[in-house]
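The primary structure of each chain is shown beneath.
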Amino acid sequence: MNPHQPAPRVVAEEDLAAFTAGRLLEVMKALTVILTLPQSAADQVDALVVATGQGEEWRLTHAIRSWEANPALRHLLVANGNPAEETYVEITLDYLRSLGLRRTDGVHLQAEPAPNTGLQAAWIVNQVRARGITSLALVVSPYHLTRVYLTVLKAFTRAGSRLPMIPLPVAVSPDTPVPETGATAYDLVPGEIKRILDYMDNGWVATPQEVQQYLQWLWSHHKGLLVTS
């Protein structure tokens with residue numbers, strides 16, 4: 001599969017029929033263990049990271065609210081989206097200010113287009129290294145969270161780096177239509193599962209073994225962040 005020609009956003013249940021129950025269980029396990037990480041730990045991290053896309057302005061407004069409410073956060077990283085999307089908006093400080101951003105020191109924007117999550121993840125890794133970021137929270141719509149988390153984890157694994165990553169799902173109803181497609185989270189989850197499994201086969205997202213190894217490391221080395229938050 002070409003990452004520049006990904007699977008459709010909305011797929012039918014029968015499109016998952018080629019995957020065994022075991023493969024589907026891999027996604028369920030990954031989703032479950034990622035979501036066992038407490039969202040409250042996001043208040044203690046070094047940086048908030050937003051992966052934009054699909055015209056979902058709520059990803060940005062959620063991150064901005066958290067950023068403005070917690071001055072201890074040192075960095076806000078905003079990964080660019082895909083200009084080919086009809087709902088694409090150029091990410092600028094003026095645009096973020098229109099969404100409520102007031103504290104601009106520490107805000108870093110991906111200047112180049114990012115037509116896929118892999119390019120967003122590569123930029124995130126580069127920013128973390130360049131700025132000495134020691135921990136982060138990923139701000140993503142819930143239906144998309146697992147794939148983003150697995151993609152960013154794979155990028156760090158390839159780079160030989162580890163740091164605490166906390167999932168911070170956006171507060172949005174699963175019945176809310178996504179602007180780019182008009183589909184809801186319920187409609188989009190099957191396509192996310194298919195992409196995860198296809199991308200896992202191509203080495204673009206973390207494997208179940210990599211997730212398990214990472215979480216073992218995270219819980220053994222950063223339990224204080226997770227438990228006392």
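Provided above is the structure to which this section pertains.
Attention here is on the structure that accompanies the text. Bear in mind the structure is a predicted one, so any value in this text is a computation, not a measurement.

Section: the overall build of the protein chain
For the protein chain, the helix and strand inventory stands at eight helices and five strands. For the protein chain, the α and β elements follow one another from N to C terminus as α-β-α-β-α-β-α-β-α-β-α-α-α. For the protein chain, the C-alpha radius of gyration of 17 Å lies close to 17 Å, the compact-globule estimate for 229 residues. With respect to the principal axes defined by its C-alpha atoms, the protein chain has extents near 50 × 45 × 30 Å. A burial count over the protein chain gives 51% of its 229 residues as buried. The long-range fraction of contacts in the protein chain, counting pairs at least 24 apart against all pairs at least 6 apart in sequence, stands at 80%. Per element, the accessible surface of the protein chain, about 10,500 Å² overall, is 54% carbon and sulfur. For the protein chain, the separation between the mean place of its 18 positive charges and that of its 22 negative charges on side chains is 9 Å.

Quick look at the pattern of salt bridges
Overall, the coordinates contain eight salt bridges when judged by the stated rule. Of the charged contacts in the structure, one is a salt bridge between Glu 26 and Arg 23, with a shortest N-O distance of 3.1 Å. A residue pair is termed a helical-turn pair when its members lie 3 or 4 positions apart in one helix, as Glu 26 and Arg 23 do in helix 1 (residues 21–35) at three residues. Glu 26 sits in the partly exposed class, given a relative accessible area of 24%. Notably, a salt bridge pairs Lys 194 with Asp 198, separated by 2.9 Å at the nearest N-O pair.

Some remarks on the pairing of strand 2 (residues 75–79)
In terms of burial, strand 2 is a largely internal element, five of the five residues being buried. Covered by surrounding structure in strand 2 are His 75, Leu 77 and Ala 79 together with Leu 76 and Val 78, the residues of both alternating faces. In the sheet, strand 1 (residues 47–51) pairs with strand 2 via five bridges, with the strands oriented parallel. Bridged to Val 50 within strand 2 is Val 78. Between strand 1 and its parallel partner strand 2, the chain crosses via helix 2 (residues 57–69), and the hand of that crossover is right-handed. With respect to chirality, the unit in which strand 2 leads through helix 3 (residues 93–98) into the neighbouring parallel strand 3 (residues 107–109) is right-handed.

Concerning the pairing of strand 4 (residues 136–140)
Here strand 4 lies mainly inside the structure; five of its five residues are buried. Pairing of strand 1 with strand 4 involves four bridges; the strand directions are parallel. Its bridge partner lying in strand 4, Leu 48 is registered against Ala 137. Both strand 4 and strand 5 (residues 165–169) contribute to a ladder of five bridges, which runs parallel. Residue Val 140 lies in a different strand from strand 5, and its bridge partner there is Pro 169. Considered for its hand, the β-α-β crossover made up of strand 4, helix 5 (residues 142–158) and strand 5 is right-handed.

Criteria and cut-off values
Numbers given for residues are sequential positions, taken from 1 along each chain in its written order. With pLDDT at 70 or above as the cut-off, local features in this predicted model cover only qualifying residues; side-chain atom pairs require 80 or more to be listed or tallied, and sums for whole chains, interfaces and linings still use all residues. Computation of side-chain values covers all heavy atoms of the structure but excludes hydrogens and water. For helices the rule is a DSSP run of H or I covering at least 4 residues; for strands it is a run of E covering at least 2, with both sets numbered from the N terminus onward. The globule rule used for comparison is 2.2 Å times the number of residues to the exponent 0.38, while the radius of gyration itself is calculated over C-alpha atoms. Burial here depends on accessible area, computed with a 1.4 Å probe over protein chains only, as a share of the maximum for the residue type. Under 20% is buried, over 50% is exposed, and the range in between is partly exposed. Contacts were defined at the residue level, with two residues in contact if any of their heavy atoms lie within 4.5 Å. Note that accessible areas follow from Shrake-Rupley with a 1.4 Å probe, and for residues the cover is restricted to the protein chains shown. The convention is simple: Lys and Arg are positive, Asp and Glu are negative, and His and the chain ends are not counted. To locate a charge, the coordinates of NZ of Lys, CZ of Arg, CG of Asp or CD of Glu are taken. Here, a salt bridge means any Lys or Arg side-chain nitrogen found within 4 Å of an Asp or Glu carboxyl oxygen. Between any two strands, pairing holds if DSSP finds at least two bridges. Crossover handedness is defined here as right-handed if the route from the first strand over the helix to the second strand goes clockwise, with the strands pointing away from the viewer.

Purely geometric stuff here, so don't read any function into it on its own.
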